[in-house]
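# Fold and geometry: a report
Each chain, written out:
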Amino acid sequence: MRLKGIFCYFLIFTMILTGCSGGGNNAPAASNESGANSDQTAETAVKDSVNFSINAEPSTLDPQKGNDLLTFAVHSQIFDTLVRENADGSLVPGLAEKWTISEDGKEIVFTLRNDVKFHNGDLMTADDVVYSLNRAITSTFTKRITGSMDKAEKIDDSTVKLVLKYSYGPILDCIATTNVGIVPQKAVEANEEGFARNPVGTGPFKFKEWNNGEKIVFESFKDYYRGEASIKNLTFKIISDKTSAAVALENGEVDVLLSPDEADRKNLIANEKLTYYETESNSFYFVSFNNETGLFSNKLLREAISYAVDRESLVMGALEGNGAPLESAIPTNTFGSPENFKGNQFDIEKAKALLAEAGYPNGLTIKVPTLYLKPTEVLQDQLRQIGIVAEIEQMERGAWLQDVYTDNKYEITVGSYSALVPDADQITYNRYHGDFVGGGNNMVRCNIPELNKELDLARTSQSVDERKAAYLRVSEILRDESVLIPLYSSMNGIAANKDLKGVQAHPVQRVYVYDYSWK
Amino acid sequence: MLRFIFKRLLMIIPVIIGISFIIFSIMALTPGDPARLILGESASQTDVELLREEMGLNDNFLIRYVDYMKDVVRGDFGLSYRNRIPVYDEVFARFPNTLVLAFWGITLSVLIGVPIGIISAVKQYSILDTMSLGAALVLASIPAFWLGLMLILLFSLKLNLLPSTGVETWKNFVLPSITLAAGTMATLIRMTRSTMLEVIRQDYIRTAKAKGAGERRLIFKHALRNALLPVITIIGINFGFQLGGAMIIETVFAMPGLGTLMITSVRMKDTPMVMASVLFVAVAVSLVNLLVDLLYSFIDPRIKSQYSKS
């Protein structure tokens, strides 16, 4: 009969569906990338080895080709810089014993140490330093860090001069990043492409092997200029699924986990065998407007939204309270961040009034493309309170980078910035200066002469107080014009076996395994 | 017979061409700039443009496709956009992990699923039957992701018997294989059961029984052989799925295989890597399908003669 036939087809259909799902094709939020490898079993964590879990694979081990924080974290085990960042964040001599900065701030002369060896046994020379600096300057990957640098010259066998294009406030911070790591000229020139897979540096850890997608293995460098590290074997394991990584940490397969998932935070803190470290991040989330074209070229509309935003609720909703509201466009842990600064405060009545003044007394509908669903959903709800209907368009990273970030085909979006170096210039200059509108820099498309002036002043001044005052003005202008709305900073976390000492969370996710030791 | 095999092998070629064209178009025509993804957010647009020129991304996509295929035919799959390593080496290095995983996944599901299905059919409506049907339902409904994590929590964390990540020893493959086998097992239980039920009722079985054949001989020699055809089809199809799509298992268990490679490469718009991985899997699946068809001929002599005729 008819019914029986239909029923049969329905059964077959269901079975086929069953077969399909059984094959493992459902993909509920499967995370990032590659896989990793389990060296030792749970109990026998050797007392001089560290297994370090990271959630993505560095694209290269060539320091002048790295451009994301995770890659820097791995590079900093292999390479050193002329100026070194100490555990407390201060800058101290590294491969350079001392340095002098010229009156106009455009030249720095470094006196080099003469006892530094590379992993291949060669002594570090001034030629290597000059070569590395120039290589960093010409690399397309490092422009944010080396944009102010012009060229490096050798003065004599222990002195090197770095010439800048303009006096640059955060220059020493930049020199302390691994993008300007010192590499051996001979080794790189012998095989430039291969260097990325087989690096040689002066750092505390010597490269041993790299199993793609699995792990990167290092051993301590015996002739390290500061003395050999306590940790003799270091393995970075690539575990992209955050839950698996947390489990691996809990059962001892890894000893440290960088950037654990929000959801695992409470469990990891409660676990007696682990210690959880965190600090406020140097990155922040914000609402960005296209100030030039479209709906939000209307300043009153931007301002209305700035009063509709409730930062506390956003932190609760998006991060379950694990973050800090941010009032200025310069994150708290960054030089230049104005103290006790207040942005426009949450005030629904004022928001509604401004909305009416802007010409939308009955509200309006807007489209919000974004990569970050959680904060945008909370924002959507907050906007609904003043009559704005926000349609969220969740995008994939590549698409967002293309359409919103580079081509600026948007009106409003929720995005995030992080600075590679904890200085305000890195997170403001290219972002808000009129000379850099569009093209993946100034995506708010603003060009405010007074703002440009302050940014230029802050960038080139050599006076700490002058720079701070300028960045205060910058924050004020960005707030008064509602160019963008800073929302909050998340926390950078790192969880480790409680017997591993020396672990620290860092605002820019720097990792210094040299400081680690087993109790 | 050999002609049949040869013809089937030839047919793989248009399949490969079709798949490569589709994947290449998708990668080329969807938004997302590989150069920007390589250089990162802080790079200037001018640098990104320079890199695009260098990588040849600004050429017409058809020209790029033809160039790519010309290289492929010579065996050159190109360099990864992301980290400049030869694509072929990378894919070839990772393939064994996925292959072993898929192999054990299928083997486990067959070794457990088929016998349970047979028993279910032979003892239809008994307790065993109901239980196996229930188990099949549960296994089919559980998402692989969840099952994998639960197994890790139990065997790795609580009992500390097996490792949770990596591919070092055979121990690393136990939990992932079980997770992968679960879904296919469910299908096989039900499929084997239903085909066996159908076959058992056939006249020739009754005849054999009347002629005095024992239970064992009846089931294995007469019934199973006939029931096996649809079951083998399912095994073949699922092996293909598992080869290409053990992505979730690989992610949960942090195993460096083709699945995770594909995910990373698609995210970074690393076209050469995506193309090579997909083509690799496509060829593997085609070969497995061919094997399945050949297996038919072993099991069913009628089909064997059909192949020989064509």
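Residues numbered from 1 in each chain as written. Chains lettered and ligands numbered in written order. Predicted model: local features only at pLDDT ≥ 70, side-chain atom pairs only at ≥ 80, totals over all residues.

### Here's the deal with the overall build of chain B
- Within chain B, the regular secondary structure consists of 14 helices and zero strands.
- Taken from the N to the C terminus, the helices and strands of chain B come in the order α-α-α-α-α-α-α-α-α-α-α-α-α-α.
- Sorting the 310 residues of chain B into buried and exposed places 42% on the buried side.
- The long-range share in chain B, meaning contacts at least 24 apart out of those at least 6 apart in sequence, stands at 73%. (Helix = DSSP H or I, 4+ residues; strand = E, 2+ residues; numbered from the N terminus. Buried ≥ 20, exposed ≤ 12 C-beta atoms within 10 Å, placed from the backbone. Contact = placed C-beta atoms within 7 Å.)

### So, the interface of chain A and chain B
- Listed by partner, the interface residues are 55 residues for chain A and 67 residues for chain B.
- Among the secondary structure elements, those contributing two or more residues to the side of chain A that touches chain B are α1 (2-22), α4 (143-146), α8 (242-250) and α14 (397-406) of chain A.
- Among the elements that make up the side of chain A that touches chain B, the one with the highest residue count is α14(A) (seven residues).
- Classifying every residue of the side of chain A that touches chain B gives 15 nonpolar, 30 polar and ten charged. (Nonpolar A, V, L, I, M, F, W, Y, C, P; charged D, E, K, R; others polar.)

### Here we look at unusual backbone geometry
- Phi angles above zero are rare outside glycine, and A:Q509 is one such case at about 60 degrees.
- With respect to the helices and strands, the residue A:Q509 is situated in the loop between β19 (500-501) and β20 (517-518).
- Although it is not a glycine, B:A254 sits at a positive phi angle of roughly 50 degrees.
- Tracing the backbone through its elements, the reader meets B:A254 in the loop between α11 (247-252) and α12 (258-267).

### Some thoughts on the pairing of strand β18 (residues 484-497) of chain A
All names here are of chain A.
- Of all 14 residues in β18, 13 are buried, a share of seventy percent or more.
- In the sheet, strand β11 (residues 256-258) pairs with β18 via three bridges, with the strands oriented antiparallel. Residue pairing in the sheet places V256 in a bridge with A496 of β18.
- By the bridge criterion, seven bridges tie strand β12 (residues 274-280) to β18 in an arrangement that is antiparallel. (Pairing = 2+ DSSP bridges.)

### Some words on helix α2 (residues 69-78) of chain A
All names here are of chain A.
- Among the ten residues that make up α2, nine are buried, leaving the element largely enclosed by the rest of the structure.
- Those residues of α2 not exposed but buried are L69, T71, F72, A73, V74, H75, S76, Q77 and I78.
- Along its buried surface, α2 packs onto β8 (205-211), β9 (215-220), β10 (233-238) and β17 (412-418).

### Some points on the domain arrangement of chain A
All names here are of chain A.
- Looking at the assigned domains, one finds that chain A contains domain 1 (15-25 + 47-273 + 498-518) and domain 2 (281-490).
- The C-alpha-based centres of domain 1 and domain 2 are spaced at 31 Å.
- Taken residue by residue, the interface counts 16 residues in domain 1 and 20 residues in domain 2.
- For the side of domain 1 that touches domain 2, the secondary structure elements donating two or more residues are α4 and α5 (171-175).
- Residues that form the side of domain 1 that touches domain 2 fall into these classes: eight nonpolar, four polar and four charged. (Domains from an automatic or database assignment.)

### Side note on the packing of helix α5 (residues 87-122) of chain B against helix α6 (residues 127-141) of chain B
All names here are of chain B.
- Following both chains from N to C, one finds α5 and α6 inclined at 135 degrees, their axes separated by 8 Å at the closest point. Comparing the axis directions of α5 and α6 gives the class oblique. When the axes of α5 and α6 are compared, the crossing they make is left-handed. Across the interface between the two elements, I116, I119 and S120 of α5 pack against L128, D129, S132 and L133 of α6. (Axes fitted to C-alpha atoms, helices over the stretch in contact; angles between N-to-C directions. Parallel < 35°, antiparallel > 145°, perpendicular 65-115°, else oblique. Left-handed = near helix turned anticlockwise from the far one by under 90°.)

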